[in-house]
Amino acid sequence: MKRLVTHTDGQPVAVAARVVSWLLVALLTAALFSFAFSQLQYGWNWDAIWQYRQKFLQGWLMTVIISAAALVVSLVIGLLTALARRSSFLPLRYLAVLYVETIRGTPLLVQILILFYVVANAIGIENRYVVGVITLSLFAGAYLAEMIRSGIESIRDSQLESARAIGLTRSQTYRYVIFPQVVRQLIPPLTGQFASIIKDSSLLSIIAVSEFTLNAQEVNAFTYSTLESYLPLAVGYLLLTLPVSLMSRALERKFHYAT
Amino acid sequence: MRLEFCGLGKQFGEQQALRDVTLTIPEFQSLAIIGPSGGGKTTLLRIIAGLEIQEKGYLCINGQRLEVDEEALLAHRRTIGTVFQAYNLFPHLTALENVVLPLVKVHGFSEREARDTAGALFARFQLAGHAHRRPAELSGGQQQRVAIVRAIAIKPRFLLFDEPTSALDPEMTAEVLDFIAELRGEGRDLIIVTHNMGFAREVSDHCLFIAAGEVQEAGQSSDLFRKPHNPLLVNFLAKVLRY
Ligand SMILES: Nc1ncnc2c1ncn2[C@@H]1O[C@H](COP(=O)(O)OP(=O)(O)O)[C@@H](O)[C@H]1O
Ligand SMILES: [Mg+2]
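Calculation notes
Residues numbered from 1 in each chain as written. Chains lettered and ligands numbered in written order. Predicted model: local features only at pLDDT ≥ 70, side-chain atom pairs only at ≥ 80, totals over all residues. Heavy atoms only, no water. Buried < 20%, exposed > 50% of the residue type's maximum accessible area, 1.4 Å probe, protein only. Helix = DSSP H or I, 4+ residues; strand = E, 2+ residues; numbered from the N terminus. Pairing = 2+ DSSP bridges. Right-handed = clockwise from strand over helix to strand, strands pointing away. Contact = heavy atoms within 4.5 Å. Buried area = accessible area lost by both parts, 1.4 Å probe. Salt bridge = Lys/Arg side-chain N within 4 Å of Asp/Glu carboxyl O. Polar contact = N/O pair within 3.5 Å; in protein donor to acceptor, adjacent residues only side chain to side chain. Domains from an automatic or database assignment.

The subject of this paragraph is the pairing of strand β7 (residues 159-162) of chain B. All names here are of chain B. Residues of β7 alternate between two faces, with L159 and F161 on one and L160 and D162 on the opposite face, all of them buried. Note that strand β6 (residues 81-83) and β7 share three bridges and pair parallel. Opposite V83, over in β7, you have F161 as the bridge partner. Sheet topology note: the β7/strand β8 (residues 190-193) ladder contains four bridges and is parallel. Residue pairing for β8: L160 is matched across the bridge by I191. For the crossover that starts at β7, traverses helix α6 (residues 170-185) and ends in the parallel β8, the hand is right-handed.

Structure follows, in structure tokens:
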């Protein structure tokens, strides 16, 4: 038991200690869940679910596609907003502030409803998948904009002075001095943001986008097998978010350097 | 080189950093600027560097008036080498890349020419072993020497130093001052703001004493340090030379 206690952060932990610890955690979790399910007196019906495996897979793939598209679009929005936020043209700067604060101050669900039923209707976008990606991107873009902005602002003034002194133009300064450093800083929060987008995309089920969650809900409606429908849902999301968060940690280590 | 200030004035909010500086400095190779903190030394140096724009007056360098539109200033900055107190280097680039960046992006060198040029300078100034380290892995003195190498790599018209050793311990101070003295020995023109009176006296042929936003005294270093006239300068020298 004593060997399982680690005192110093950052020091490598013995492999055996790690394996034993993880086994303990797995055992405990399994025990907890078996107990919970045994109390339920639930009649499992996996056969019905298996027939709908195609629907799960399609929903899962749709979630991957929507999330990836939203990540790319939100990066563009976030970058433009961060630059607008630093613009010397005040109306542009205030527009960026208004956008960021509005998005961050309202629930995603509300944004989805308003964008779908009000804005998209008004400007005539029919495709709910497009609306879904746009909404998710606008949502994540506001958070990304703040991350990018604080990244830019964390660059010391002395570096901007050096950049001017060696004769870099403003755009060269962004390109060769600011962005390379911001990108490195941004990788960990960015991968976290990607995991958020994946999870948040489940809210698009409310406007009938056939993604993972909606498809699981439908399977549940067809089969009346609630747990069998929703457990694969949880596993499916974990399959996406776990690698993302592991990758985040690896990248963080890789790009770590002292300033 | 020659310098001429004509009614130079610069204000930061309420603070008058430079007031009506008018002065002609005859031919010099190395100019030291000394004076108490907050006196306006950095402001004057930054105006010469094209990093700050005066509100009033103008200056001439070698008889040529310095225009103050951004385009002219950018062109001006590209012809001189400026080294600040500290944090001159970009932390995400290695020492060598720090020197290569302006050569390639500003001065039109190919990547290879730039690396060769930088590599030769690193070798010449005993920095070869540090070329591939990031600034955080270098001592403060090494960082400043790399910054100086970056400044001279572009073959500048002259060099500007703003208290290049004020953030260093005595040993590293000596290493950086030796480097600057060596550059002066090679005949490079330079202007240095320094708190190190011994160095100013030894290395500069001309000296300005600036306090309260004005040039209180100017002259040949040999005279100025031996026979200071202005009571502020007498006082200042007495204070800094006491220990
Ligand atoms: N960017 C700035 N903003 C506000 N005040 C400044 C700025 N730069 C310099 N000053 C003020 O101008 C005066 C002269 O400063 P400076 O040129 O840095 O003096 P020195 O280098 O001799 O210590 C000081 O009172 C300082 O506080
Ligand atoms: Mg200063």
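Facing the 21 residues of chain A at the interface are 21 residues of chain B. A buried area of about 2000 Å², summed over both sides, lies between chain A and chain B, and 59% of it is on carbon and sulfur atoms. For the pair chain A and chain B, the interface holds one salt bridge. In this structure, the connection of chain A to chain B is made through eight residue pairs in polar contact (both at pLDDT 80 or more). Sorting the residues of the side of chain A that touches chain B by element identifies α7 (157-165) and α8 (170-200) of chain A as the ones contributing at least two each. Per element, the largest residue contribution to the side of chain A that touches chain B is seven residues, and it comes from α7(A).

On to the domain arrangement of chain B, then. Note on interface size: it is often stated as the accessible area lost on association of the parts. All names here are of chain B. Annotation of chain B at the domain level lists domain 1 (1-80 + 158-243) and domain 2 (89-155). Relative placement of domain 1 and domain 2: their C-alpha centres are 25 Å apart. Listed by partner, the interface residues are 15 residues for domain 1 and 15 residues for domain 2. For the pairing of domain 1 and domain 2, the buried interface totals around 1300 Å² over both sides, and the portion due to carbon and sulfur atoms is 70%. The interface formed by domain 1 and domain 2 includes two salt bridges.

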